[in-house]
Amino acid sequence: MAKYAIHTKWSWPNGVPSAETMQSRHRELRSKTKAEDIIWFKIDENTHQSVIIFSSEEDAQEEHAKRQKMRKQTIEETGHSLVEETMGPILSIMSEA
């Protein structure tokens, strides 16, 4: 099974949350996901992107409905919006080469 990645881009009308806020959300998610890693990075004051790494496409698809439900809730709370989402099998990871 090949690892699988999901890439998203988000717009925040009131500014990207602080690193501390985002890290807190990661701590909450850690025990609730099959993701191997989730990386959030800031593009500008109102935009962030993320990469989620799963062990397999099956794990990613299995969590899709759960992720959509969580997104709906957080979007209602903060007003941020999903700009784009792409996903696919990982071809190479430098740290594993």
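Computed from a predicted model, the values in this text were never measured in an experiment.

Rules behind the numbers
Residues numbered from 1 in each chain as written. Predicted model: local features only at pLDDT ≥ 70, side-chain atom pairs only at ≥ 80, totals over all residues. Heavy atoms only, no water. Helix = DSSP H or I, 4+ residues; strand = E, 2+ residues; numbered from the N terminus. Rg over C-alpha atoms; globule rule 2.2 N^0.38 Å. Buried < 20%, exposed > 50% of the residue type's maximum accessible area, 1.4 Å probe, protein only. Areas by Shrake-Rupley, 256 points an atom, 1.4 Å probe, with all protein chains shown as cover. Lys, Arg positive; Asp, Glu negative; His and termini not counted. Charge placed at Lys NZ, Arg CZ, Asp CG, Glu CD. Patch = residues over 30% accessible without salt bridge, like charges linked within 9 Å, V, L, I, M, F, W, Y side chains within 5 Å. Salt bridge = Lys/Arg side-chain N within 4 Å of Asp/Glu carboxyl O. Core = buried A, V, L, I, M, F, W, Y, C linked by side-chain atoms within 4.5 Å. Contact = heavy atoms within 4.5 Å. Pairing = 2+ DSSP bridges. Axes fitted to C-alpha atoms, helices over the stretch in contact; angles between N-to-C directions.

A. Broad picture of the overall build of the protein. Helix and strand counts for the protein stand at three helices and four strands. Ordered by position from N to C terminus, the α and β elements of the protein give β-α-β-β-α-α-β. For a compact globule of 97 residues, the expected C-alpha radius of gyration is about 13 Å, and the protein comes in at 14 Å, within 12% of that figure. In terms of overall dimensions, the protein has a C-alpha envelope of 40 × 25 × 25 Å along the principal axes. Across the 97 residues of the protein, 29% fall into the buried class. Split by element, the accessible area of the protein, about 6600 Å² in all, is 53% carbon and sulfur. Once the 13 positive and 16 negative side-chain charges of the protein are each reduced to a mean point, those two points are 4 Å apart.

B. Structural context of a nonpolar patch on the surface. Judged by side-chain polarity, Ile39, Phe41 and Ile43 come together as a nonpolar surface patch covering roughly 250 Å² of accessible area. Topologically, Phe41 is positioned in strand 2 (residues 37-44). On the basis of relative accessible area, Phe41 is assigned to the partly exposed category, the value being 35%.

C. Geometry of the nonpolar core. Membership of the largest hydrophobic core is limited to eight residues, which are Tyr4, Ile6, Leu29, Ala35, Ile38, Ile52, Phe54 and Ala60. Mapped onto this core, the elements with two or more residues apiece are strand 1 (4-11) and strand 3 (47-54). Residues contacting Ala35, with those up to four places away along its chain left out, are Ile52, Ile53, Phe54 and Glu63.

D. Looking closely at the side chain of Arg71. Position of Arg71 among the secondary structure elements: in helix 3 (residues 64-78). Sequence-distant contacts of Arg71, defined by excluding residues within four places in its chain, comprise Thr8, Trp10, Leu82 and Glu85.

E. The sheet that holds strand 3, seen in detail. Pairing is antiparallel across the open sheet formed by four strands, whose spatial order is 2-3-1-4. The open sheet has two free edges, formed respectively by strand 2 and strand 4 (81-89), since each of these has just one partner strand. Within this sheet the neighbouring strands show an average axis-to-axis angle of 15°, counted without direction. Alignment of strand 1 against strand 3, held across eight bridges, turns out to be antiparallel. From the neighbouring strand, Trp10 faces strand 3, where its bridge partner is His48. Packing of helix 1 (residues 19-30) onto the sheet brings it into contact with strand 2 and strand 3, and relative to strand 2 it is tilted by some 160°. Lying on the sheet, helix 3 is in contact with strand 1, strand 3 and strand 4; it crosses strand 1 at an angle near 15°.

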